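Okay, here's what each chain looks like letter by letter:
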Amino acid sequence: MRRRPLAILGTCVWALLVGALAFVWVFPLLWAFTTSLRPPGQLGSQIASLWVHHPSFANFTEAWSDAPFLRLYYNTAVVVFGILAVQLVTITLAAYAFARLEFWGRDLLFRVFLLQLMVAPSALIFPNFQTIKSLGLLNTRLGIMIPYFASAFGTFLLRQTFRAVPRDLEDAAAIDGCGSLQTIWNVFLPLAKPTLVAFSIVSVVYHYNEFLWPLIITDTERARTVTVGLASFTQSAESGAQWNLIAAGTVIVILPLLVVFILFQRRFVESFMYSGIKG
Amino acid sequence: MRRVRRRWRVQPYLFLLPSLVFLTTFTYYPILFSLRQSLYQASATVARPTFIGLWNYANLWADPIFGQVLENSLEFLAGTVPVTVGLALLLALLLNRPHFLTTVFRTAFFYPTLLPLVGAAAIWLFVYTPGYGLMDVYLRGLTGGGVNWLGSAHLALPAVMILTIWKNAGYYMLFYLAGLQTIPAELFEAGRLEGATWSQQFRAITWPLLGPTTLFVVLIASINAFQSVDQIWLMTGGGPDNRTNLLLFYVYLVAFQFFDLGKAATLTVFLLAVLMAIAAVSFGFLERRIHYEV
């Protein structure tokens, strides 16, 4: 009986301390949201406060007309889902081969695949730029996407999952006259759904947020993605210290992922967790 | 019968072909391409690349900016990795309990993972603005105010490091939370029965059993540290006076601003060697410590 008040006190201290730190963590985001709603007149020293008198959407209208956000969103959407669609095909086929087929050089090839885990594409921006240039893919969405069409990470995740699929199910499918592709489609993929969802979330977030590669591949607005657009938008607005505009532009860019995250929080957290355990 | 057999032999390679085509073009070939080009003098001013052997490497060593970049990168590594990993472990320990606030707190620490680094950097540009930015307004009591974080040779790199720690701690926290869930509760119960204090339990149970997680997180954090570039591009451009110029940003500058192709290739080879060395060291540890279940 004596421990109970102590435990409650402990929980209160915990909530206060962790809560304070959590507040520090979300403060920059809260600031970006409130400042994006701050009317252009209210600048000066009060811009650091979280309180806004007479919030308005004026910054959003101005930011929206200053940068071609629709075009940028569209390019990002094509890039992100284009990469994902091709990746799902390439990793499924490769993961099945590594998990279930016997062939000469399998272990060696698998190690060769895993090399990509260490040599992330961002380290290869210089030589890959030369390749994209000689393929004539500069300033195209395909040029942004194509280095990511194969994924060692995805292949590895999916291979682990495929290896856990019971042999009986596979044999049953073979008896029913299914070929390899049909077996993959009817047996392996349905069972690997959680892995596929986890991989998809991580892939989409990664490529939505990517910056340097799309930056060097594009020098016009034609194929530019939102992150590249935001960076040049920020640079021009920063020189005029238009922080409310920068905040609005940032919110426009980060909002889609944040909204999906809030809606599917557990899925997101589990996916990122899972990607680490298996990786 | 013969047809079936042959199909079985070709099929695995057919399944690997799509992946191999892209991996070859964008991972293996560029490595070889960089190795080769690093032996040539090639730039916008030279009409035809000339073979110069290892001179690019010798020049790199003599390049004072490269020395500075190397120093910055090591400082960045030493300043971000231990703090981020330690913070991630601390947060995981604090948030590994059933309480309705736990989910809220976890979300608060995790959300920066989902932000694009340039978006985060845009916000943090304001955090560090002298005079009326968040640091100056809210930490005036500590700093005295009027600090030009990103313009100072001493503070610019730490400022970028703070943003990086804020961005990644919540991500690594997830791995520790997952690791904590794999520790059997009976171990802690046994410890408690024997009267072990919290710190004894931590040293005897939690820390050793989280070893593989720590190794994995340190590996990812180190690789990320050497590839940090987005925040540099937006916040400092490598300045002031190259004090925030990191390895990958230098590759970017040399290749796409100075158009010195031979040097860019040499820097790429150096970066690859660093990444491979990190991976080799950690795989060496991993093979010894973790037993994969098949």
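These numbers were taken from a predicted model, which means no experiment stands behind them.

Peer 1: Any details on the overall build of chain A? Residues and values, ideally.
Peer 2: Scanning chain A for helices and strands turns up 14 helices and 0 strands. Order of helices (α) and strands (β) in chain A, N terminus to C terminus: α-α-α-α-α-α-α-α-α-α-α-α-α-α. Its C-alpha atoms give chain A a radius of gyration of 24 Å, clearly above 19 Å, the size a compact globule of 279 residues would have. Counting across all 279 residues of chain A, residues that qualify as buried make up 42%. Restricting the contact set of chain A to residue pairs at least 6 apart, pairs at least 24 apart contribute 73%.

Peer 1: Lay out the overall build of chain B with the relevant residues and their values.
Peer 2: Each helix and strand counted, chain B has 14 helices and 2 strands in total. In chain B, which comprises 294 residues, the share counted as buried stands at 44%. Sequence-distant contacts, at least 24 apart, represent 67% of the contacts inside chain B between residues at least 6 apart.

Peer 1: Describe in detail the domain arrangement of chain A, supporting the description with residues and values.
Peer 2: It is common to report an interface's size as the accessible area lost on association of the parts. All names here are of chain A. Splitting chain A by domain gives domain 1 (3-62) and domain 2 (67-278). The interface of domain 1 with domain 2 comprises 10 residues on the first partner and 7 residues on the second. Elements that contribute at least two residues to the side of domain 1 that touches domain 2 include exactly helix H1 (3-36) and helix H2 (58-66). Here the side of domain 1 that touches domain 2 gets 4 residues from one element, more than from any other, and that element is H1. Split by residue class, the side of domain 1 that touches domain 2 holds 5 nonpolar, 3 polar and 2 charged.

Peer 1: Describe the interface of chain A and chain B, with residues and values.
Peer 2: The partner chain B presents 65 residues to the 67 residues of chain A that form the contact. It is H1 of chain A that provides the largest number of residues to the side of chain A that touches chain B, a total of 10 residues. Taken together, the residues of the side of chain A that touches chain B sort by class into 52 nonpolar, 14 polar and 1 charged.

Peer 1: Describe the environment of Pro55 of chain A, with residues and values.
Peer 2: Within the fold, Pro55 of chain A resides in the loop between H1 and H2. Classification of Pro55 of chain A by C-beta neighbours within 10 Å gives partly exposed; the count is 14.

Peer 1: Residues and numbers for the environment of Gly154 of chain A, please.
Peer 2: All names here are of chain A. By the element assignment, Gly154 lies in helix H7 (residues 152-163). Along the primary structure Gly154 and Thr90 are separated by 64 residues, whereas in three dimensions their C-alpha atoms are 9.1 Å apart. Ignoring sequence-local partners within four residues, the contact set of Gly154 consists of Gln87, Ile91 and Phe199.

Peer 1: Got a sec to walk through the nonpolar core? Specific residues and values, please.
Peer 2: Ranked by internal contacts, the top residues of the largest apolar core, which has 161 residues, are Ala88, Ala121, Tyr172, Met173 and Val251 of chain B. For this core, the element with the highest residue contribution is helix H8 (residues 156-181) of chain B, accounting for 15 residues. Domain assignment of the residues forming this core places at least three in each of domain 1 (3-62) and domain 2 (67-278) of chain A. The contacts of Ala88 of chain B, once residues within four sequence positions are left out, are Ala169, Tyr172, Met173, Tyr176 and Val217 of chain B.

Peer 1: With reference to specific residues and values, describe the packing of H2 of chain A against helix H13 (residues 243-263) of chain A.
Peer 2: Residues and elements named next belong to chain A. Two numbers describe how H2 lies on H13: the axes approach to 9 Å, and their chain directions differ by 75°. Between H2 and H13, the interaxial angle falls into the category roughly perpendicular. Residues Asn59, Phe60, Glu62 and Ala63 of H2 form the contact with H13, whose participating residues are Asn244, Leu245, Ala248, Gly249 and Ile252. Residue composition of the contact of H2 with H13, by class: 5 nonpolar, 3 polar and 1 charged.

Peer 1: Now, about the confidence of the model for chain B: what can you tell me, with residues and values included?
Peer 2: Residues and elements named next belong to chain B. When pLDDT is averaged across chain B, the result is 87; 94% of the residues are at 70 or more. Per-element averaging of pLDDT across chain B places helix H7 (residues 140-143) at the bottom with 74 and helix H3 (residues 64-94) at the top with 95. Interface confidence in the predicted complex, given as ipTM, is 0.89; pTM for the same model is 0.90.

About the thresholds
Residues numbered from 1 in each chain as written. Chains lettered and ligands numbered in written order. Predicted model: local features only at pLDDT ≥ 70, side-chain atom pairs only at ≥ 80, totals over all residues. Helix = DSSP H or I, 4+ residues; strand = E, 2+ residues; numbered from the N terminus. Rg over C-alpha atoms; globule rule 2.2 N^0.38 Å. Buried ≥ 20, exposed ≤ 12 C-beta atoms within 10 Å, placed from the backbone. Contact = placed C-beta atoms within 7 Å. Domains from an automatic or database assignment. Nonpolar A, V, L, I, M, F, W, Y, C, P; charged D, E, K, R; others polar. Core = buried A, V, L, I, M, F, W, Y, C linked by C-beta atoms within 7 Å. Axes fitted to C-alpha atoms, helices over the stretch in contact; angles between N-to-C directions. Parallel < 35°, antiparallel > 145°, perpendicular 65-115°, else oblique. pLDDT = per-residue confidence, 0-100.

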